[in-house]
Amino acid sequence: NMYYTPSTQEIASSFYYTFSTISQTLASMVGLLGAFSLFSSQLLDTELFNTANVLFTYYMESNLKLPSPTLLETKNFTEFLNYIKSHPKPTNIHFEPRFERFEILLNRKLKLVKDLKYSLLLTSVVVTISVIFIMLTPDLTRLERTYNWIDSSCYGVGIVGIMFCLRSYYMMIINSLNK
């Protein structure tokens, strides 16, 4: 045979190394992603709160029915946006640009949360699959066989999984940085 055939011990070591590395890498990336998301979310919340206060002031100046102040106190920005859309708006010339900015910020915040949930779900699926492969390694290597399609399939799933996770992290960060 002119091709190298790895021993069962080499296959087992390779499985343990590959799938534990995938799990550890994704776990550390989730930590970094969590810190980044928290920081971005806090910045967006601050800007949303300040913009909402300005919009609220425009309502006070125009003698229109005011939105409930508790919407701002509780940072219920979605309800605040719905209130503005469903009630007469102040005539102040600065209201519309501020309102558009508020809507953009809120959409960005909602997308950040959605992207974070997607990334965390994808990561937990890939880490779970990696842990399952690690647990199955003794059974896979106990079989008297040569390196085959099962091994290749396991590696393929791991590589595709980590690529999807890294892509979701990348897209989340890029979307958050675009203003």
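Refer to the structure presented above.
Read on for a plain summary of the structure.

**Observations concerning the packing of helix α3 (residues 77-86) against helix α4 (residues 95-142)**
Okay, so step 1: For the pair α3 and α4, interaxial distance at closest approach is 11 Å and the crossing angle is 145 degrees. Every pair of crossing elements has a handedness; the one defined by α3 and α4 is left-handed. Between α3 and α4, the residues in contact are Phe77, Thr78, Phe80, Leu81, Ile84 and Lys85 and Phe95, Phe99, Phe102, Glu103, Leu106 and Leu110, respectively.

**Points about the packing of α4 against helix α5 (residues 149-177)**
Okay, so step 1: Interhelical geometry of α4 versus α5 gives an angle of 160 degrees and a closest axis separation of 10 Å. When the axis of α4 is compared with that of α5, the two are roughly antiparallel. The way α4 lies across α5 gives a crossing that is left-handed. Touching Lys111, Leu112, Asp115, Leu116, Tyr118, Ser119, Leu122, Thr123, Val126, Ile129, Phe133 and Leu140 of α4 are Ile150, Cys154, Val157, Gly161, Ile162, Phe164, Cys165, Ser168, Tyr169, Met172, Asn175 and Ser176, all from α5.

**What to know about the environment of Val127**
Okay, so step 1: One can find Val127 in helix α4.
Okay, so step 2: Judged by relative accessible area, Val127 falls into the partly exposed class, the value being 23%.
Okay, so step 3: Separated by 49 residues in sequence, Val127 and Thr78 have C-alpha atoms that sit 34 Å apart.
Okay, so step 4: Among residues more than four places away in sequence, those in contact with Val127 are Ser23 and Leu26.

**Some words on the side chain of Thr137**
Okay, so step 1: Mapped onto the elements, Thr137 comes out in helix α4.
Okay, so step 2: The class of Thr137 is buried, set by a relative accessible area of 1%.
Okay, so step 3: A polar contact is formed between the side chain of Thr137 and the backbone oxygen of Phe133, at a distance of 2.8 Å.
Okay, so step 4: Once residues within four sequence positions are removed from consideration, Thr137 is found in contact with Ala12, Phe15 and Tyr16.

Calculation rules
Residues numbered from 1 in each chain as written. Predicted model: local features only at pLDDT ≥ 70, side-chain atom pairs only at ≥ 80, totals over all residues. Heavy atoms only, no water. Axes fitted to C-alpha atoms, helices over the stretch in contact; angles between N-to-C directions. Helix = DSSP H or I, 4+ residues; strand = E, 2+ residues; numbered from the N terminus. Left-handed = near helix turned anticlockwise from the far one by under 90°. Contact = heavy atoms within 4.5 Å. Parallel < 35°, antiparallel > 145°, perpendicular 65-115°, else oblique. Buried < 20%, exposed > 50% of the residue type's maximum accessible area, 1.4 Å probe, protein only. Polar contact = N/O pair within 3.5 Å; in protein donor to acceptor, adjacent residues only side chain to side chain.

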